[in-house]
Amino acid sequence: MKLASTGITFDAPIFLEYPSTKTDLAILMEVSRTTLVSWDNIAYWNIDDYRQDYPLINESERDRQCPLTPYQAWCVARVGKVMSIFRKKERVERYIASHKNEFSKYEYRKQAQKVYPIGA
């Protein structure tokens, strides 16, 4: 992930304690909102847990305008990291398809537990 102003790579996982707008998350990650929305689209169409975290508007439509959950923020940052390695959307989608467990809600909880241990 290239930082907008410095050109260095953003490598830190994202563990938020609250929902975040795409704009605020883009600012935190120092990428453009357009870039973050692009990563969000990749995650939405390729990661079931990510898509299901968006609330339903009706039986078949999800509210893509709502803030991202902490899991979604973590996940979109991982998509961005993979994008920085593979550079092309199609390669990233193939990577996600063959490594679904790396983007799962289970993996997020496992990683978050290391940062925020229960009972700490």
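Further up the page is the structure itself.
Residues numbered from 1 in each chain as written. Predicted model: local features only at pLDDT ≥ 70, side-chain atom pairs only at ≥ 80, totals over all residues. Heavy atoms only, no water.

A. Layout of unusual backbone geometry. Although it is not a glycine, E30 adopts a positive phi angle of roughly 55°. Its location among the elements puts E30 in the loop between helix 1 (22–29) and helix 2 (33–46). Look at E30 and you get partly exposed, because its relative accessible area is 37%. The phi torsion at R87 lies on the positive side, around 70°, for a residue other than glycine. Checked against the element boundaries, R87 lands in the loop between helix 4 (70–86) and helix 5 (89–98). (Helix = DSSP H or I, 4+ residues; strand = E, 2+ residues; numbered from the N terminus. Buried < 20%, exposed > 50% of the residue type's maximum accessible area, 1.4 Å probe, protein only.)

B. Representation of helix 6 (residues 105–115) within the structure. Burial in helix 6 covers these residues: E107, Y108 and A112. Burial along helix 6 is one-sided: seen end-on, the buried residues are contained in an arc of 130°. Away from its buried face by more than 90 degrees, helix 6 exposes Y106, R109 and K114. Buried residues in helix 6 make contact with helix 4. (Arc of directions from axis to C-beta. Contact = heavy atoms within 4.5 Å.)

C. Structural view of the nonpolar core. Among the nonpolar cores identified, the biggest contains 32 residues, and L25, M29, L36, I47, Y50, V79 and F103 are the most heavily contacted of them. Those elements giving two or more residues to this core turn out to be helix 1, helix 2, helix 4, helix 5 and helix 6. Every residue in contact with V79, bar those within four places of it in the chain, is listed here: W39, I42, A43, I47, V92, I96 and F103. (Core = buried A, V, L, I, M, F, W, Y, C linked by side-chain atoms within 4.5 Å.)

D. Structural context of the packing of helix 2 against helix 4. Here helix 2 crosses helix 4 at 100°, and the two axes come no closer than 9 Å. By the angle between their directions, the pair helix 2 and helix 4 is classed as roughly perpendicular. Contacts between helix 2 and helix 4 involve L36, W39, D40, I42 and A43 on the former and, on the latter, V76, V79, G80 and M83. Partitioning the contact of helix 2 with helix 4 into residue classes produces seven nonpolar, one polar and one charged. (Axes fitted to C-alpha atoms, helices over the stretch in contact; angles between N-to-C directions. Parallel < 35°, antiparallel > 145°, perpendicular 65-115°, else oblique. Nonpolar A, V, L, I, M, F, W, Y, C, P; charged D, E, K, R; others polar.)

E. Examining the packing of helix 1 against helix 2 more closely. Viewed as axis vectors pointing N to C, helix 1 and helix 2 meet at an angle of 110°, and their least axial separation amounts to 9 Å. As summarised for this structure, helix 1 and helix 2 are arranged roughly perpendicular, according to the angle between their axes. Our pair here, helix 1 against helix 2, has a crossing hand that is right-handed. Mapping the contact onto sequence places K22, T23, L25, A26 and M29 in helix 1 and R33, L36, V37, W39 and D40 in helix 2. When its residues are assigned to classes, the contact of helix 1 with helix 2 shows six nonpolar, one polar and three charged. (Left-handed = near helix turned anticlockwise from the far one by under 90°.)

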